[in-house]
Amino acid sequence: MALPAHITARSPAAASRQPVYALVGNPNCGKSTLFNALTGLKQKVGNYPGVTVEKKVGTAYSQHGQPITVIDLPGAYSLAARSPDEAVTRDVLLGRRRDTAPPDRILCIVDATNLERNLYLVHQVLDLGRPVILVLNMMDLAARAGLTVDVAALEQALGIPVIACEAVRGHGLIELKLAMSRADLPLARHAWTVPAAIAPAVSELQASLVAHDGKAPLLARAEALLLLTDSDSIRVAGSSPLSPNTAGILRVWQTRWSGEGTDWAGSLVNSRYDSIGRIAADAVRQTAAVGPSVSDRIDAFATHPLWGWSLLGVVMILLFLSIFTFAEGPMNWIDGHFAALADSVKQAMPPGDLRDLITDGAIAGVGGVLIFLPQILILFFFIGLLESTGYMARAAFIMDRLMSRVGLNGKSFIPMLSSYACAIPGIMATRTIEDPKDRLVTILVAPLMSCSARLPVYLLMIAALVPDGRVPVLTKVGIMLTMYALGTFGAFFFAWLFKRTLLKGAPPLMIMELPPYRLPRLKDVALHMFERGWLFVRRAGTVILGISIILWFLSAYPKAPGGTPPTQQLAQSFAGRAGHALEPLIKPLGFDWQIGIGLITSFAAREVFVSTMSVVFNAEATDDNTTPLRTALVSAKWPDGRPLFTPLVCITLMIFYVFAMQCMSTIAVVKRETNGWKWPIFQTLYMTGTAWIMSFVVYQGGRALGF
Amino acid sequence: MNLPPPAESLLPGQAAPIPLSMLGVGCHATVRELPKVGSAFLRLREMGLLAGTVVTLVRAAPLGDPIEIKVRGYRLTLRKTEAAQILVEPVG
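Below is a summary of the structure that appears in this document. (Residues numbered from 1 in each chain as written. Chains lettered and ligands numbered in written order. Predicted model: local features only at pLDDT ≥ 70, side-chain atom pairs only at ≥ 80, totals over all residues. Heavy atoms only, no water.)

**As for the overall build of chain B**
Our working rule: Secondary structure is summarised from DSSP: a helix means a run of H or I of at least four residues, a strand means a run of E of at least two, and numbering begins at the N terminus for each. We call a residue buried when its accessible area falls under 20% of the maximum for its residue type, exposed when it is over 50%, and partly exposed in between, using a 1.4 Å probe and counting protein chains only. Only heavy atoms enter the contact rule, under which two residues are in contact if any of them lie within 4.5 Å.
Secondary structure summary: chain B contains two helices and six strands in total. For chain B, the N- to C-terminal ordering of α and β elements is β-β-α-β-β-β-α-β. When the 92 residues of chain B are sorted by exposure, 54% land in the buried category. In chain B, the share of contacts with a sequence separation of at least 24, taken over all contacts with a separation of at least 6, comes to 54%.

Here's what the structure looks like:
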């Protein structure tokens, strides 16, 4: 549970309340595993207000059963933040966030195989002047790499408790919990020499931070040091800005140093690493020579110019195969249960508007979205698996060169690829992209990748394409591939365009750690999958329910007299009228008002187009057998007797579906991930606008060519 | 794009600094100089790439960019545009 903001570390209540630990560490050091091991399933996952950074708070119990609050801060390499994630870690530790009380104590976790770089963050954290416990994780892997880490020497050098640990196996947890429940944690013996040229600036900034920003003296020193490292720091919503006085002092020093040619930030980093180097020299010994590690041998294959591509291809094919294979059963199950639920409500309630609202509005609408949940969960599972094994970083490494052509980096690859199945997990997976602009561009273009909900529409249109019966399989495949290629091309084109115009940023970087391969912990991956799935259901659920009810209302009202067939009921409903109103706008694309109704109801999910068409054209259709609907479509006519679904109209309609934003769940998720309505509205407009233009060009061009 | 030169152009003991992007695959080098400005180089410093640090060029990505280096016992990738601005001195 998050602590109320009014309780601060210095308040009188501090002594009696539950101690608050912040868990801090580099990415890939086993932090999540330790957090899960400490707190079990007693976790609360949410968001920091104003930013899309995951907030995880859990309760651990000491060996005596005392509850301890643990905040799992986002992984960071440095407190000089480069991403919104790192900015949250920095701001919570510096007590800059009003929504999160500064932690009483800090749990720093480091990877023992890679001590020097991991200690850099620890070094910054020790400056904060709070009690710190150092968790030395992955001791088994260090031993395997021929490294001996002397725990006592580290304790001696740093003056804080150091606990050797293998979080994956639960080794060292008891010792850690004992240390965490100690009442008298020592403060670090943390002496390091701030370079002489910079020391006066640190004292001046510290004094100003105490006097004008209300900081405690030790925190003020840490903040002063950070301000000097972090010349262009990322500020995130919810953190308090610097006072004018402090900002002024900072500017004066920076101008002076720039004139003198002093590299202030660089020399601060250097002196920290000098101090770390001395500590590591005492504590770490290379005791055994080891050959190439398992990771080296895997990488020789996985990033090989030839085999690397093959492996990437195989992994991606497996991903899509398993989505379509494993999702089918649960999807039918959900479908069946929602239908049964609607039926039993129909039996139990007297006929009327309320019953229809519940069955046709709420149950059908929510069911129509939840049916995608199995796919979404499987994708989350795969993304989690790729992340926790370390392969995700290799995929980004291999794809970076291609992604750089449009101004993105390799980290955008997996989110964009996932969007072929469903844009929702793709968009939620963009959180691994550090640069906020790159992340936004990826979110904006991801829904252009043809998702699985477009498949039923493509299939129906392909079936209706050829007037007489069966379409040759090769033609089918060819058209389908064209649609997928068109969406992919569109996504890359718009990424390129947005990076050059709207979201111009610093040249993209690809500074990324390639973590050693690790066996995934299925428990952690599954937990992550359910957290993400639940987040989607909870956050998008209200928007989806709202839009479902609106869409139901539009197609059910105004009511026709009893006994009117569904086709006519829909025709004279608000949706039908909207279709009529839409007709002048879509007539240049070759669509009539009846197709217009389908475009409107597709907002629930694109595949709803198919069921709408079967109501509109009064055909009984099922998902796997579109034949009766196909016949109905082929015989549909304009009032003047021309056929409606000409091959050209079918193609145009598919092209419209490739580009148009017609998915309320995606809109809800984009709103969630960009913190407002601005970007989802922009996205809907640019995608649907492109869809209209492309369809117009194809339809009118096709007509001019005589189709 | 600059491709790494063949390894034989980097003789043992050769002292002239070269850009990291020109280091041959499998070669070791000591970092001599990083640009002072730019958040990319600050982050590279914070990740342990400092003057005097020994690095090994592990490989280039299948399409030639980015490159993978070994520094302080872990693997780091960076693009050649950044690597071209880092001067290193090849060692034996």
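On we go.
**What to know about helix 13 (residues 328–348) of chain A**
Residues and elements named next belong to chain A. The criterion, for reference: Expected helix span is given by 1.5 Å per residue-to-residue step, counting one fewer step than there are residues. It is the directions from the helix axis to the C-beta atoms that the arc portrays.
Taking 1.5 Å as the rise per residue, helix 13 with 21 residues should run 30 Å; its terminal C-alpha atoms sit 30 Å apart, in good agreement. Regarding helix 13, the residues found buried are Met331, Ile334, Ala342 and Val345. End-on view of helix 13: buried residues confined to an arc of 65°, all on one side of the axis. Of the residues in helix 13, the exposed ones pointing more than 90 degrees away from the buried face are Trp333, Gln347 and Ala348. Contacts from the buried residues of helix 13 go to helix 14 (353–370) and helix 15 (373–389).

**What about a nonpolar patch on the surface?**
Selection criterion: In this scheme, patches are assembled from residues that exceed 30% relative accessible area and form no salt bridge. Like charges are connected within 9 Å, while nonpolar side chains (Val, Leu, Ile, Met, Phe, Trp, Tyr) are connected within 5 Å. Under the convention used here, a 1.4 Å probe and the Shrake-Rupley method define accessible areas, while residue burial counts only the protein chains that appear. Only one rule defines a salt bridge in this text: a Lys or Arg side-chain nitrogen within 4 Å of an Asp or Glu carboxyl oxygen.
On the surface, a cluster of nonpolar side chains totalling about 320 Å² of accessible area is made up of Phe301, Leu306 and Trp307 of chain A. When its relative accessible area of 43% is taken as the criterion, Trp307 of chain A is described as partly exposed.

**As for the nonpolar core**
Residue and element names in this part refer to chain A. What counts is decided by this rule: To define a nonpolar core, start from buried Ala, Val, Leu, Ile, Met, Phe, Trp, Tyr and Cys residues and group those joined through side-chain atoms within 4.5 Å.
Counting residues in hydrophobic clusters, the biggest one holds 119 residues, and the most contacted among them are Phe536 and Phe645. Top element by residues in this core is helix 28 (residues 647–659). It accounts for 10 residues. Not counting the four nearest positions on each side in its chain, Phe645 is found in contact with Met461, Ala464, Ile595, Met613, Phe617, Leu633, Ala636, Cys650 and Leu653. Counting residues in hydrophobic clusters, the runner-up holds 68 residues, among them Leu136, Ala220, Leu227 and Trp264.

**Digging into the packing of aromatic side chains**
Ring pairs (aromatic) are described by centroid distance and by the angle formed between their planes. Selection criterion: The criterion for an aromatic pair is that two Phe, Tyr or Trp rings (for Trp, the six-membered ring) have centres within 6.5 Å, with stacked assigned to planes under 30 degrees apart, edge-to-face to planes over 60 apart and tilted to the rest. Put simply, a charge is over a ring when the Lys NZ or the Arg CZ is close to the ring centre, within 6 Å, and near the line of the ring normal, within 35 degrees.
Under the defined criterion, the tally for this structure stands at 19 aromatic pairs over all chains. Judged by centre distance (5.1 Å) and plane angle (40°), the ring pair of Trp253 of chain A and Trp257 of chain A falls under tilted. Residue Trp253 of chain A and its partner Trp257 of chain A are located together in helix 9 (residues 244–260), separated by four residues, close to a single helical turn. Put simply, the rings of Phe493, Phe494, Trp496, Phe498, Trp679, Phe682 and Tyr686 of chain A touch in pairs and so form one group of aromatic residues. The ring of Tyr74 of chain B has Arg117 of chain A sitting right over it, with the charged end atom 4.2 Å from the ring centre. Lying across the ring of Tyr517 of chain A, Arg394 of chain A places its NZ or CZ 4.1 Å from the centre.

**Side note on the interface of chain A and chain B**
Note the cut-off: Two parts lose some accessible area (1.4 Å probe) when they are put together, and adding that loss for both gives the buried area. Whenever two N or O atoms come within 3.5 Å, that pair is a polar contact, provided that in protein one can donate a hydrogen and the other can accept it, and provided that, for residues adjacent in sequence, both atoms are side-chain atoms. Ten residues, namely Ala, Val, Leu, Ile, Met, Phe, Trp, Tyr, Cys and Pro, are considered nonpolar, four, namely Asp, Glu, Lys and Arg, are considered charged, and the remaining ones, Gly among them, are considered polar. In this description, strands pair whenever DSSP reports at least two bridges between them.
Contacts between chain A and chain B engage 41 residues on the former and 28 residues on the latter. Across the chain A/chain B interface, buried area totals approximately 3200 Å², and carbon plus sulfur atoms make up 59% of it. Considering only the side of chain A, the residues that lose the most area to chain B are Phe397, Arg401 and Ile511 of chain A, jointly responsible for 21% of the buried surface there. The tally of links from chain A across to chain B stands at five salt bridges. The closest approach of N and O atoms between Arg45 of chain B and Asp263 of chain A, which form a salt bridge, is 3.4 Å. The interface formed by chain A and chain B holds 16 residue pairs in polar contact (both at pLDDT 80 or more) in total. Of all the elements in the fold, those that place two or more residues in the side of chain A that touches chain B are helix 3 (115–126), helix 10 (264–283), helix 11 (294–302), helix 16 (391–404) and strand 10 (512–513) of chain A. In the side of chain A that touches chain B, the residues fall into 20 nonpolar, 11 polar and 10 charged. Where strand 10 of chain A and strand 5 (residues 74–78) of chain B come together, two bridges link them in antiparallel fashion. Bridged to Glu513 of chain A within strand 5 of chain B is Leu76 of chain B.

**Re the packing of helix 20 (residues 455–465) of chain A against helix 28 of chain A**
Residue and element names in this part refer to chain A. As a reminder, the rule being used: Here an axis means a line fitted to C-alpha atoms, over the contact stretch when the element is a helix, while the angle between two N-to-C directions is reported on a 0 to 180 degree scale. Any angle from 65 to 115 degrees is called roughly perpendicular, while one under 35 is roughly parallel, one over 145 is roughly antiparallel, and all others are oblique.
It is at 9 Å that the axes of helix 20 and helix 28 come closest, and there the two elements cross at 170°. Here helix 20 lies roughly antiparallel to helix 28, going by the angle between them. Taken together, the residues of helix 28 that come into contact with helix 20 (itself represented by Val457, Tyr458, Met461, Ile462, Ala464 and Leu465) are Pro647, Cys650, Ile651, Leu653, Met654, Tyr657 and Val658. Here the residues of the contact of helix 20 with helix 28 are counted per class, giving 13 nonpolar, no polar and no charged.

**Thoughts on the pairing of strand 1 (residues 20–25) of chain A**
A regular strand carries its side chains on alternate faces of the sheet. All names here are of chain A. A large share of strand 1 lies buried, amounting to six of its six residues. Side chains Val20, Ala22 and Val24 project from strand 1 onto one buried face, and the interleaved Tyr21, Leu23 and Gly25 project onto a second face that is buried too. Note: strand 1 against strand 4 (residues 67–72), four bridges, orientation parallel. The partner of Tyr21 across the bridge, within strand 4, is Val70. Relative to strand 5 (residues 105–111), strand 1 runs parallel, the two sharing five bridges. Paired with Tyr21 across the bridge in strand 5 is Arg105.

**Notes on the sheet that holds strand 1 of chain A**
Residue and element names in this part refer to chain A. Ordered by their spatial adjacency, seven strands build an open sheet running 2-3-4-1-5-6-8, and the pairing between neighbours is mixed. Either end of the sheet is taken by a strand with one partner, and the two such strands are strand 2 (43–47) and strand 8 (162–164). Here the strands of the sheet are splayed against their neighbours by 25° on average, with no regard to which way each runs. Here helix 1 (residues 31–39) sits on the sheet and contacts strand 1, strand 2, strand 3 (54–61), strand 4, strand 5 and strand 6 (132–137); the angle it forms with strand 3, its principal contact strand, is near 45°.

**A short note on empty space enclosed by the protein**
Where empty space is left can be seen by rolling a probe of water-molecule size over the atoms. Residues and elements named next belong to chain A. Counted only if it meets this: Note on definitions: the grid is 1 Å and covers protein atoms alone; a cavity is a set of points where a 1.4 Å probe fits but cannot get out; a pocket is an open set with protein on both sides within 12 Å along at least five of seven lines; lining residues have an atom within 4 Å of a point. Grid points are joined across faces, edges and corners, and a volume is the space filled by probe spheres set on the points.
Here the structure, examined in full by the defined rule, presents six cavities of 30 Å³ or more. Here the largest cavity defines a volume of roughly 180 Å³. Along the walls of the largest cavity sit 22 residues, with Cys422, Ile424, Cys451, Cys663 and Thr666 positioned nearest its centre. Grouping the constituent residues of the lining of the largest cavity by class yields 16 nonpolar, four polar and two charged.

**Examining helix 25 (residues 593–601) of chain A**
Counting buried residues in helix 25 of chain A gives eight out of nine residues, a clear majority hidden from the surface. All of the buried residues in helix 25 of chain A are Trp593, Gln594, Ile595, Gly596, Ile597, Gly598, Leu599 and Thr601 of chain A.

Geometric values such as these leave the question of function open.
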